[in-house]
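# Observations on chain architecture
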Amino acid sequence: MTQDVWLTRHPYLRFVADFHAQVATAAASVPSGGAHIPDWDDYISDYQTGIPLLQSSRVAIDFEPAGAILVLLVESLTSRALPEKLAAECRDSKSQLRGEMNAPQRAVAWLFGSEIFKPAHPGLLRYLGWTALAVHLRPLVDAFSSWREEERWLCEYCPTCGSLPAMGQLIGSDPGRLRLLSCGCCSTRWRYRRIGCPFCENGDGHRLTALTIEGESHLRIDYCDSCRAYLKTYVGEGNESLLLADWSSLHLDIIARDYGLRRLANSLYEL
Ligand SMILES: [Zn+2]
Ligand SMILES: [Zn+2]
């Protein structure tokens, strides 16, 4: 499944696809040395108690380069042909990041919940900020995936950054079918229990019901009867970059909302 075929079938996604492509092209042109890989022995006890890597006090991850990447990314976008509203938001964000003291570092801290930064356009900055962080963190995310024992985690939040999942993925067929959760922020994918709602408190194993969508053989909406939260799920392998991208299935979010379901999954895209 290529993106072109997908967009021919879902022409209403073209606007968000175009912006996503502009951001991806801009991000690819920004130089990045990549985050330092820590000594895993320092982190293992935190890992075993469910503390995400970026929240561990035992490893020092340098976020400063991510702030610099964010500035270059926003600057690059201001020189591209964008729809006027997005272009204006990019110009405002550039002025803010350039004009306020330590703004790039405070903007990155804001992504993790610090309130020391007030973005002019929070939706755009959350999306671009996580894009910049993902560029910086990519080698770390890869090394972490190779190192960790998945069955020692199985939490509903991302082992790297602590965010709730954006989507789920089912791989293989029964009895050995695996469920993965996918982070929309840092792009980590991790193992989770096959059955159970990742949004109910205490993860008490409420079953999910699968809602299949006509014409979408690889995507479905899994929802919980207890908390009414849903998780868009990609059933299959090989098309992760397209089908786990979240933006490529925004139409499923509209169907879920019309169905009275709640999006508790993390989102970088405001409907
Ligand atoms: Zn993450
Ligand atoms: Zn639930």
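The rules behind these values
- Residues numbered from 1 in each chain as written.
- Chains lettered and ligands numbered in written order.
- Predicted model: local features only at pLDDT ≥ 70, side-chain atom pairs only at ≥ 80, totals over all residues.
- Heavy atoms only, no water.
- Donors = N, O, S within 2.8 Å, 3.2 Å for Na, K, Ca; no water.
- Tetrahedral: all angles 85-135°; square planar, octahedral: opposite > 155°, others 65-115°.
- Phe/Tyr/Trp six-rings, centres within 6.5 Å; stacked < 30°, edge-to-face > 60°.
- Helix = DSSP H or I, 4+ residues; strand = E, 2+ residues; numbered from the N terminus.
- Buried < 20%, exposed > 50% of the residue type's maximum accessible area, 1.4 Å probe, protein only.
- Core = buried A, V, L, I, M, F, W, Y, C linked by side-chain atoms within 4.5 Å.
- Contact = heavy atoms within 4.5 Å.
- Expected span 1.5 Å × (residues − 1).

### Overview of the coordination of the zinc ion (ligand 1)
For the zinc ion (ligand 1), the full set of protein donor atoms is Cys158 (SG), Cys161 (SG), Cys183 (SG) and Cys186 (SG), and the range of their distances to it is 2.3 to 2.4 Å. Bound by four donor atoms, the zinc ion (ligand 1) shows angles of 100 to 117° at the metal and therefore tetrahedral coordination geometry.

### Digging into the packing of aromatic side chains
Per the stated rule, a full pass over the model turns up 15 aromatic pairs. Consider the rings of tyrosine 47 and phenylalanine 144, whose centres lie 6.1 Å apart with planes at 80°: the pair is edge-to-face. Here tyrosine 47, found in helix H3 (residues 40–48), pairs with phenylalanine 144, found in helix H7 (residues 122–147); they are 97 residues apart in sequence, far enough to count as distant. By relative accessible area, phenylalanine 144 is classed as buried at 0%. Centroid distance phenylalanine 63 to phenylalanine 112: 5.4 Å. Interplanar angle 50°. Geometry classified as tilted.

### Thoughts on the nonpolar core
Ranked by internal contacts, the top residues of the largest apolar core, which has 85 residues, are Leu97, Leu128, Leu137 and Trp247. Considering each element in turn, this core owes the most residues, 12 residues, to H7. Leave out the neighbours within four places in its chain, and leucine 97 touches Leu70, Val71, Val74, Ala103, Pro104, Ala107, Phe117 and Leu125.

### Quick look at helix H2 (residues 14–28)
With 15 residues, H2 ought to run about 21 Å at 1.5 Å a step, and its terminal C-alpha atoms sit 21 Å apart, in line with that. Along H2, the residues that are buried comprise Val16, Ala17, Phe19, Val23, Ala26 and Ala27. On its buried side, H2 packs onto helix H1 (3–9), helix H4 (64–78), helix H5 (84–99), H7 and helix H9 (250–258).

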